[in-house]
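Secondary and tertiary structure notes
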Amino acid sequence: MRRLVDRLDKPLGVLGVLFLLLVIGQFVSTHPTTSAVLVVASWVLWAVVVAEFSLRAWLARHHPGRFRRRN
């Protein structure tokens, strides 16, 4: 499990930066279509983060206390 977590850390960090850029883009966007695309993209990133967290929780089902402390 540790290898998987290590492999997912960097891509999720990149997604975090991308999410920040999407949120900034939503604030500065004046075109409704662009705003809608940015909102959908940010929800997709949220879904990816939730899926990754759920995968980590499922993999750590034998050590729930340790998982809760770390996450």
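The structure we're discussing is the one just above.
Residues numbered from 1 in each chain as written. Predicted model: local features only at pLDDT ≥ 70, side-chain atom pairs only at ≥ 80, totals over all residues. Heavy atoms only, no water.

**Digging into the pattern of salt bridges**
In this structure the tally under the stated criterion is two salt bridges. Of the charged contacts, one joins Arg 56 and Asp 9 as a salt bridge, the two residues approaching to 2.9 Å between their closest N and O atoms. Note that Arg 56 is positioned in helix H2 (residues 32-59) and Asp 9 in helix H1 (residues 2-28), a separation of 47 residues in sequence. By relative accessible area, Arg 56 is classed as buried at 14%. As a salt-bridge pair, Glu 52 and Arg 56 come within 2.2 Å of each other at their nearest N and O atoms. On the criterion of helical spacing, the pair formed by Glu 52 and Arg 56 is a turn pair, its members being four residues apart in helix H2. Connected through shared salt-bridge partners, Asp 9, Glu 52 and Arg 56 make up one network. (Salt bridge = Lys/Arg side-chain N within 4 Å of Asp/Glu carboxyl O. Helix = DSSP H or I, 4+ residues; strand = E, 2+ residues; numbered from the N terminus. Buried < 20%, exposed > 50% of the residue type's maximum accessible area, 1.4 Å probe, protein only.)

**Re H2**
Taking 1.5 Å of rise per residue, the 28 residues of H2 would be expected to cover 40 Å, and the 41 Å separating its terminal C-alpha atoms lies within 8% of that figure. Where H2 is concerned, the buried positions are Leu 38, Ser 42, Leu 45, Glu 52 and Arg 56. (Expected span 1.5 Å × (residues − 1).)

**Details of the packing of aromatic side chains**
Counted under the stated rule, the structure contains one aromatic pair. Measuring from ring centre to ring centre gives 5.6 Å for Phe 19 and Trp 46, while their planes differ by 80 degrees; the resulting arrangement is edge-to-face. Taken together, the residues span a long stretch of sequence, with Phe 19 in helix H1 and Trp 46 in helix H2 at a distance of 27 residues. We classify Trp 46 as partly exposed; its relative accessible area is 45%. (Phe/Tyr/Trp six-rings, centres within 6.5 Å; stacked < 30°, edge-to-face > 60°.)

**Details of the packing of H1 against H2**
Close contact between H1 and H2 brings their axes to 10 Å; oriented N to C, the two are set at 155 degrees. Compared by their axis directions, H1 and H2 come out roughly antiparallel. Handedness of the H1/H2 crossing: left-handed. On H2, the residues touching Leu 4, Val 5, Leu 8, Asp 9, Leu 12, Leu 15, Leu 18, Phe 19, Leu 22, Gly 25 and Gln 26 of H1 are Leu 38, Val 39, Ala 41, Ser 42, Leu 45, Trp 46, Val 48, Val 49, Glu 52, Leu 55, Arg 56 and Leu 59. (Axes fitted to C-alpha atoms, helices over the stretch in contact; angles between N-to-C directions. Parallel < 35°, antiparallel > 145°, perpendicular 65-115°, else oblique. Left-handed = near helix turned anticlockwise from the far one by under 90°. Contact = heavy atoms within 4.5 Å.)

The analysis is restricted to geometry; functional conclusions fall outside its scope.
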